[in-house]
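Architecture at a glance
One letter stands for each residue in the lines below.
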Amino acid sequence: MNENIKSEIRALRENSAIAYIASVNEDGYPQTKAMMVLEHESMKVHYFSTNTSSKRVSQFRKNPKASVYYCDNEQFKGALFTGTIEVCTDYETRALLWDDASLKYYPKGINDEDYSVFKFTAETVNYYHGLKNTTLSIDEI
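Time to look at the nonpolar core. In this structure, Ile 9, Ile 21, Phe 48, Val 68, Tyr 70, Phe 81 and Phe 118 are the most contacted members of the largest nonpolar core, which totals 25 residues. Put simply, the parts of the chain that give this core at least two residues each are helix 1 (3-15), strand 1 (18-24), helix 2 (55-62), strand 4 (65-72), strand 5 (77-88) and strand 6 (115-129). Examining the composition of this core, we find that five residues originate from one element, strand 6, more than from any other. Excluding its chain neighbours within four sequence positions, the residues that come into contact with Ile 9 are Ala 79, Phe 81, Val 125, Tyr 127, Leu 136 and Ile 141. Of all hydrophobic cores here, the second largest spans nine residues; its members include Tyr 47, Cys 88, Ile 110 and Val 117.

Dropping the structure here:
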């Protein structure tokens, strides 16, 4: 596998401020939402904070299948990660993303019942650039 493609995928993931998260609604239709990228721990596991009361939380609890898309609009590059999302409400996972700026969204702090974290675990990634698609298992990156 081309090492250049792997490094481009890693750079795209690490340099994106926004990711697009897709869930499946109760009628079986995909729905996409932009979310701030807050963590860059690994290519396989991605974390996002969200409101427990959001419709995405109920959708992922019913159907954990998901995708996360990172893109560079100026260079027409994109990496579509496919996998599953777990809704986490435990203290340890919440603490991973918490900072005091989150108080404006979760006024009761880290233990606010409306504060949850999505833990996305990728299985594959499809990389698009230069009119070409390359699909890799997450273990190949």
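Text resumes after the structure shown.
Next up on the list: a nonpolar patch on the surface. Taken together, the side chains of Ile 18, Tyr 20, Met 36 and Leu 38 present a nonpolar region at the surface, about 350 Å² in accessible area. Mapped onto the elements of the fold, Tyr 20 is located in strand 1. Given the relative accessible area of 31%, Tyr 20 is considered partly exposed.

Bringing the packing of aromatic side chains into the picture now. Per the counting criterion, the structure on display carries six aromatic pairs. Each ring, one from Trp 98 and one from Tyr 115, has its centre 5.2 Å from the other, and the planes form 65°; the classification is edge-to-face. Here Trp 98, found in the loop between helix 3 (91-97) and strand 6, pairs with Tyr 115, found in strand 6; they are 17 residues apart in sequence, far enough to count as distant. Tyr 115 shares its class with Trp 98; the two are buried. Taking the centre distance of 4.7 Å and the plane angle of 45° together, the rings of Tyr 106 and Tyr 115 count as tilted. For the pair Tyr 106 and Tyr 115, a shared accessibility class is recorded, and that class is buried. Members of the aromatic cluster, connected to one another through ring pairs, are Trp 98, Tyr 105, Tyr 106 and Tyr 115.

This brings us to the pattern of salt bridges. Enumeration over the complete set of coordinates arrives at four salt bridges. Its salt-bridge partner being Glu 8, residue Lys 77 comes within 3.7 Å of it at the nearest N-O pair. Pair noted here: Lys 77 is in strand 5 and Glu 8 is in helix 1, with a separation of 69 residues, a long-range link. A salt bridge links Arg 13 to Glu 39; the nearest nitrogen and oxygen atoms lie 3.4 Å apart. Note that Arg 13 is positioned in helix 1 and Glu 39 in the loop between strand 2 (30-36) and strand 3 (45-51), a separation of 26 residues in sequence. One exposure class covers both Arg 13 and Glu 39, and it is buried.

What follows covers the pairing of strand 4. Judged from the three bridges that link them, strand 1 and strand 4 form a sheet pairing that is antiparallel. Bridge pairing in strand 4 links Ile 21 to Val 68. In terms of strand pairing, strand 4 meets strand 5 through eight bridges, oriented antiparallel. The residue of strand 5 that forms the bridge with Val 68 is Phe 81.

Conventions used here
- Residues numbered from 1 in each chain as written.
- Predicted model: local features only at pLDDT ≥ 70, side-chain atom pairs only at ≥ 80, totals over all residues.
- Heavy atoms only, no water.
- Core = buried A, V, L, I, M, F, W, Y, C linked by side-chain atoms within 4.5 Å.
- Buried < 20%, exposed > 50% of the residue type's maximum accessible area, 1.4 Å probe, protein only.
- Helix = DSSP H or I, 4+ residues; strand = E, 2+ residues; numbered from the N terminus.
- Contact = heavy atoms within 4.5 Å.
- Patch = residues over 30% accessible without salt bridge, like charges linked within 9 Å, V, L, I, M, F, W, Y side chains within 5 Å.
- Areas by Shrake-Rupley, 256 points an atom, 1.4 Å probe, with all protein chains shown as cover.
- Salt bridge = Lys/Arg side-chain N within 4 Å of Asp/Glu carboxyl O.
- Phe/Tyr/Trp six-rings, centres within 6.5 Å; stacked < 30°, edge-to-face > 60°.
- Pairing = 2+ DSSP bridges.

What is shown is where atoms sit, not what they do.
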